[in-house]
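Understanding the architecture of this molecule
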Amino acid sequence: GGVGKTTLAKLVYNDGRVVKHFDKRMWVCVSDEDNEIETLTKKILISATRGGTGTLSMDQFQNVRFSLAEFSMDELQTQLRNALDDKRYLLVLDDVD
């Protein structure tokens, strides 16, 4: 840690050529607590389906996560597949620990 990986990734993520190249850009912060694939899938789905490219506040994340609570893993994967179908996308998984 501490060698500027996130800073470099942000520079690439926000570069105009990258913005033009990808239909969808997603930045998902992960931690050791995100050890379940379902939690990670929900975070990616939230990032893929919201309008902007900024990060969600913790309150916003909790509200959306609550609305996804009843989705099965198959339903989450289907929703994610539908959100990204026929799109060129960039997904950055940022380790916040």
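Reference entry: report on the structure contained in this document. (Residues numbered from 1 in each chain as written. Predicted model: local features only at pLDDT ≥ 70, side-chain atom pairs only at ≥ 80, totals over all residues. Heavy atoms only, no water.)

This next bit is on the packing of helix α3 (residues 37–49) against helix α5 (residues 73–84). Where α3 meets α5, the axes come as close as 10 Å, and the angle between the chain directions of the two elements is 30 degrees. In this view, α3 runs roughly parallel relative to α5, as classed from their interaxial angle. Like other packed secondary-structure pairs, α3 and α5 cross with a definite hand, here left-handed. Residues I37, E38, T41, K42, I44, L45, A48 and T49 of α3 form the contact with α5, whose participating residues are M73, L76, Q79, L80, A83 and L84. Grouping the constituent residues of the contact of α3 with α5 by class yields 9 nonpolar, 3 polar and 2 charged. (Axes fitted to C-alpha atoms, helices over the stretch in contact; angles between N-to-C directions. Helix = DSSP H or I, 4+ residues; strand = E, 2+ residues; numbered from the N terminus. Parallel < 35°, antiparallel > 145°, perpendicular 65-115°, else oblique. Left-handed = near helix turned anticlockwise from the far one by under 90°. Contact = heavy atoms within 4.5 Å. Nonpolar A, V, L, I, M, F, W, Y, C, P; charged D, E, K, R; others polar.)

What follows concerns the pairing of strand β1 (residues 24–30). Counting buried positions along β1 gives 6 out of 7 residues, so the element sits mostly inside the fold. Bridge analysis of β1 against strand β2 (residues 89–95) gives 7 bridges, and the strand direction is parallel. The residue bridging K24 from the neighbouring strand is Y89, located in β2. (Buried < 20%, exposed > 50% of the residue type's maximum accessible area, 1.4 Å probe, protein only. Pairing = 2+ DSSP bridges.)

Our next topic: the nonpolar core. Judged by nonpolar contacts, the single largest core of 13 residues is most densely connected at I44, A48 and L80. Sorting the residues of this core by element identifies β1, α3 and α5 as the ones contributing at least two each. In terms of residues, this core owes the most to one element, α3, which gives 5 residues. Look past the residues within four positions of I44 in its chain and what remains in contact with it is M26, V28, L80, L91 and L93. (Core = buried A, V, L, I, M, F, W, Y, C linked by side-chain atoms within 4.5 Å.)

In a regular helix each residue adds 1.5 Å, so 13 residues correspond to 18 Å; α3 covers 18 Å between its end C-alpha atoms and thus fits that length. Residues of α3 that are buried include every one of L40, T41, K42, K43, I44, L45, I46, S47 and A48, and no others. (Expected span 1.5 Å × (residues − 1).)

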